[in-house]
Amino acid sequence: MADQVGATNLRSLWRVFRRNRMALVGLFMLGAMIFTAVFAPQIAPHDPDEVIRISIDDIYAKPGANHLLGTDDAGRDVLSNFIYGARVSLTVGFFAAAISVFIGATVGIFAGFYGGRVENLLMRFTDIMLVIPDLPLAIVLVALTKPRLSNIIIVIGILGWTGTARLIRSQTLAVKQRKFVLRARAIGAGNWHIIRRHIFPLVLPLIVVNTVLAISLAILAESTLSFIGLGDPTTLSWGQMLNYAFGRGAMSSGALWALITPGLGIVWVVLACTLLGQGLEQMLNPRTEWHHLSVGAEMVDREQIARHAAMREEASLGAAPTGSPASG
Amino acid sequence: MSKATMQPEPDSPILEVTDLRKLFPVKKVRLFGAKDRFVHAVDGVSFQVGHGEVLALVGESGCGKSTLALTLMGLEKPTSGDILFEGDSLASQNSRGLKTWRRHIQMVFQDPYESLNPLMTIGDIVAEPLVVHGIAPNREEREARVIRALEDSGLKPATEYLHRLPHELSGGQRQRVVIAGALVLEPTVLLADEPVSMLDVSIRAEILNLLADLRQKRGISILFITHDMGTIAHFADRIAVMYLGRIVEIGQTLEVLSNPQHPYTKALLSVVPVPNPRLRRERIILQGETPNPIDLPSGCRFHPRCPVAFEQCPVVDPRLLSIGDQDEIPHAAACLLVNAESQPVP
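Please read these numbers as outputs of a predicted model, since none were measured by experiment.

**Observations regarding the pattern of salt bridges**
Residues and elements named next belong to chain B.
Moving on, step 1. Under the counting rule described, the total for this entry stands at 19 salt bridges over all chains.
Moving on, step 2. In this structure, Glu76 engages Lys22 in a salt bridge whose closest nitrogen and oxygen atoms are separated by 3.9 Å. Taken together, the residues Glu76 in the loop between helix H1 (65–72) and strand S4 (80–85) and Lys22 in strand S1 (residues 15–25) connect sequence positions 54 residues apart.
Moving on, step 3. Classification of Lys22 by relative accessible area gives buried; the value is 9%.
Moving on, step 4. Through salt bridges that share partners, Asp19, Arg21, Asp43 and Arg301 make up one connected network.

**Section: the interface of chain B and chain A**
Moving on, step 1. At the junction of the two partners, chain B supplies 27 residues and chain A supplies 20 residues.
Moving on, step 2. When residues of chain B are sorted by the area they lose upon contact with chain A, Glu114, Leu119 and Glu128 of chain B head the list and together hold 23% of the total.
Moving on, step 3. Counting the contacts that link chain B with chain A gives 2 salt bridges.
Moving on, step 4. Arg178 of chain A serves as the salt-bridge partner of Glu114 of chain B, at 3.3 Å between the closest nitrogen and oxygen.
Moving on, step 5. Contributions of two or more residues to the side of chain B that touches chain A are made by helix H2 (95–104) and helix H3 (122–133) of chain B.
Moving on, step 6. Per element, the largest residue contribution to the side of chain B that touches chain A is 7 residues, and it comes from H3 of chain B.
Moving on, step 7. In terms of residue class, the side of chain B that touches chain A is made up of 13 nonpolar, 8 polar and 6 charged.

**What about empty space enclosed by the protein?**
Moving on, step 1. Counting across every chain of the model gives 5 cavities of 30 Å³ or more.
Moving on, step 2. Considered as a void within the structure, the largest cavity measures approximately 90 Å³ in volume.
Moving on, step 3. With 3 residues, strand S10 (residues 246–252) of chain B is the largest single contributor of residues to the lining of the largest cavity.
Moving on, step 4. When grouped by side-chain class, the residues that make up the lining of the largest cavity number 7 nonpolar, 1 polar and 3 charged.
Moving on, step 5. Its boundaries defined by the atoms lining it, the second largest cavity holds a volume of some 80 Å³.
Moving on, step 6. Only helix H4 (78–114) and helix H11 (238–247) of chain A provide two or more residues apiece to the lining of the second largest cavity.

The rules behind the values
Residues numbered from 1 in each chain as written. Chains lettered and ligands numbered in written order. Predicted model: local features only at pLDDT ≥ 70, side-chain atom pairs only at ≥ 80, totals over all residues. Heavy atoms only, no water. Salt bridge = Lys/Arg side-chain N within 4 Å of Asp/Glu carboxyl O. Helix = DSSP H or I, 4+ residues; strand = E, 2+ residues; numbered from the N terminus. Buried < 20%, exposed > 50% of the residue type's maximum accessible area, 1.4 Å probe, protein only. Contact = heavy atoms within 4.5 Å. Buried area = accessible area lost by both parts, 1.4 Å probe. Nonpolar A, V, L, I, M, F, W, Y, C, P; charged D, E, K, R; others polar. 1 Å grid on protein atoms, 1.4 Å probe; cavity = no way out; pocket = protein on both sides within 12 Å on 5 of 7 lines; lining within 4 Å. Points joined across faces, edges and corners; volume = space filled by probe spheres on them.

The values are spatial; any link to function lies outside them.
Put into structure tokens, the structure is as follows:
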């Protein structure tokens, strides 16, 4: 039974998703970067770990036939570093986001569902975490532990969950008020059953959106930490590349490729996640106008009526969307 | 427990409510000496429901009907008073007892559009009570029971509905799903909280007939909560009229409808539409709004709106007393004009 529902839901979601160009672009950008990271050994022209003998000319060598994006301070191929760096950055992004969304969603659901003292305790704790500036605390924590990749992931994960917790809590409060939760109680269901079968599935879309947005924040955080020298010295992330280039005279020797390449990588992934996340949010968050079930007061807006009419027309003609329905 | 274990004596009520009170505290900033204030949702209600009986609870919105239903389900804790189901007291139930309680007493909610989880299939929704109570753990048996409940609720063929989602069904079909979800546990008491008020008039009769059928076939006792006198006349055995948290009149349907005693009942009946347009009746239109259930009127709660109130009414709180004790099933009303012998309640 469940898989059929999933299938119909996915299909109708995809139909809405396709109309949202920004989200499509984001999905494509993120997909391309994941592909690059997964197939790094096949794509990269050089092995970053290969033993190389270099001369003075190989340091910050200009982009050329052998090194498409030039070389860095150690004479290594920037393009290959960039491709392998995607692995590190994305790994940190995904795992740290998973940790922070897991904590945030758990705190949010429990606080929203149980209310009273539990909620007070959890949300005051969330507030405390929220007011502590993340970066200085992250610096302290990473400095105190060993700057290993796993530690960085954990530190970023346990610092970034507060926003998720607040968002999920408010959605849980809304879902909890609905009649089918009361009905579940009336048939004798306990709290755990209600959370699992009634609250969680309805909060899940928001959790998905949050995960995507959390990935970009986590990648940014990792780059920041690596750039200021708190990255894992044994791996080469984009932040680490920036750190080396910045600290070892790439600026003064005019080797902009060593700075721009990792910088653009970070921008690329963060932008992709933001576009995708916002697109998903517009679709899945019932409070935004773009939700596929929404017929709210916003619909009265003339411009929007016109836009929706145009969309319907396109849909009936089966033509590719023109104009820009994905604005906002 | 497998089947309903208790074999009841023929005359003992299945559900007995005694002096039930449910007060909700009103939150406000308290300064020195400010009194705690309460909303008197249910305020001293007593009644009984017999085996296989349909009792209709009538009253306008805000009179405490729904709160009463939630209290009967154990979803709200009564402030005082008690509820006996087959002689078992609700007050003495622990959480496991409460779960069993909710197996025998089931509820149908007012709004079929809101009381179904939009992400669950009809099959899953109806099977949910079985899963919760761990009944029929194997798949085929559970499905068989789900199909039987759906067909008993008039969704035939049931297999066509199993994999559909609530939004694919009409309001009437959804209400049938809700009823099926209650029936699947084979309850002995069904609380129907305005089960037809959100439905089209054309579908109301079907759902009412379905409930009447269930009573006939399964011997389920039904507490039917409604604000509409018209919908219940043809299948309720008894009617209880509620006003501001109290029962003001209770008796056999025919008796109450043909010979209403309380002025509030009279007013309600006078505005029920009749099919004959030439038949002119005097309509009693009540003055004013329902009083605030926080600041209740003194004496009889109905006196500020009562067309026949006299000087004793704001002083004396009339009790629910039987009119003419010759009836087998007593007809009782709480009005000073009806019960001249009522004494003021201190």
